[in-house]
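# Close look at the chain arrangement
Here's the letter readout for the chains.
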Amino acid sequence: MAERTRKGGGGAGGGGARRGARGEERRAEIVRCALEVIAERGYRGATLGAVAERVGLTQQGLLHYFPTKEALLVAVLAERDQWDTGTGRRDESTAWPLDLLASLVEYNAMRPGIVQTFSALLGESVTDDHPAREFFTRRYERVRADMAATLRGEFGDRLPGGLRPEEAAPLLVAVMDGLQYQWLHDPEAVDMPAAFRSFLALLGQPAPPRD
């Protein structure tokens, strides 16, 4: 009897670990499906019901993994950040070459649904009690540090105009995100990749050639 109890206890522990792994796999699958739905239908069309149908769950079943649409979209944006940087480690600043940033802007211009989701959620998150506020606050802390490292790698401790990298980093971030808003409103009038290349030229970095 005692032997059966010991085996049962071990099996239960292993089963819990397997259930935990399956839960993480399911969450990852939901995030992937949410990305697909956003790409096809945009921010407004990415309802919990649409994602649940894509992943083969009821909406109630989806809520077991993500209790709100905002929680799911934050997970989608966090996953996007990891894919864009090519790494899951985000605890240290990352110096990107400026020409690679220009390529990222060009890539974003090919996925308007994700940019729309980012911009819409960012705009909503400025309220104190919004569930995405903490995500964006931490993200901007990290991104400003990343951009300062990028600028230091390109220009050293002073940019051609005299600013330190830490002073110019918020401006670089503001240009990238601000261009997205203008481009979403009028993509025919605002060539987002070209405008960003022009900004790089203002920084003192020759604009990468256009294809």
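Here, the structure is the one placed above.
Residues numbered from 1 in each chain as written. Predicted model: local features only at pLDDT ≥ 70, side-chain atom pairs only at ≥ 80, totals over all residues. Heavy atoms only, no water.

In terms of regular secondary structure, the protein chain is built from 9 helices and 0 strands. Listed N to C, the secondary structure of the protein chain is α-α-α-α-α-α-α-α-α in terms of helices and strands. Taken across its 211 residues, the protein chain has 38% of its residues classed as buried. Long-range contacts, defined here as pairs at least 24 residues apart, represent 61% of the contacts in the protein chain between residues at least 6 apart. (Helix = DSSP H or I, 4+ residues; strand = E, 2+ residues; numbered from the N terminus. Buried < 20%, exposed > 50% of the residue type's maximum accessible area, 1.4 Å probe, protein only. Contact = heavy atoms within 4.5 Å.)

Counted by the stated rule, this structure contains 1 cavity of 30 Å³ or more. When its volume is computed, the largest cavity comes out at roughly 350 Å³. Taken together, 22 residues form the lining of the largest cavity, with Arg80, Leu104, Arg139, Val143 and Met176 sitting closest to its centre. Secondary structure elements with two or more residues in the lining of the largest cavity: α4 (69-85), α5 (98-108), α7 (133-155) and α8 (165-185). (1 Å grid on protein atoms, 1.4 Å probe; cavity = no way out; pocket = protein on both sides within 12 Å on 5 of 7 lines; lining within 4 Å. Points joined across faces, edges and corners; volume = space filled by probe spheres on them.)

Counted under the stated rule, the structure contains 2 aromatic pairs. With centroids separated by 5.5 Å and ring planes inclined at 75°, the aromatic side chains of Phe118 and Phe136 adopt a geometry described as edge-to-face. On the criterion of sequence distance, the pair formed by Phe118 in helix α6 (residues 112-124) and Phe136 in helix α7 is long-range, its members being 18 residues apart. According to the relative accessible area criterion, Phe118 is buried, its value standing at 2%. Summarising the aromatic geometry, the rings of Phe135 and Phe136 are spaced 5.1 Å apart at their centres and angled 75° between planes, so their arrangement reads as edge-to-face. One cation-aromatic arrangement involves Lys69 over Tyr43; the distance from NZ or CZ to the ring centre is 4.6 Å. (Phe/Tyr/Trp six-rings, centres within 6.5 Å; stacked < 30°, edge-to-face > 60°. Lys NZ or Arg CZ within 6 Å of the ring centre and 35° of its normal.)

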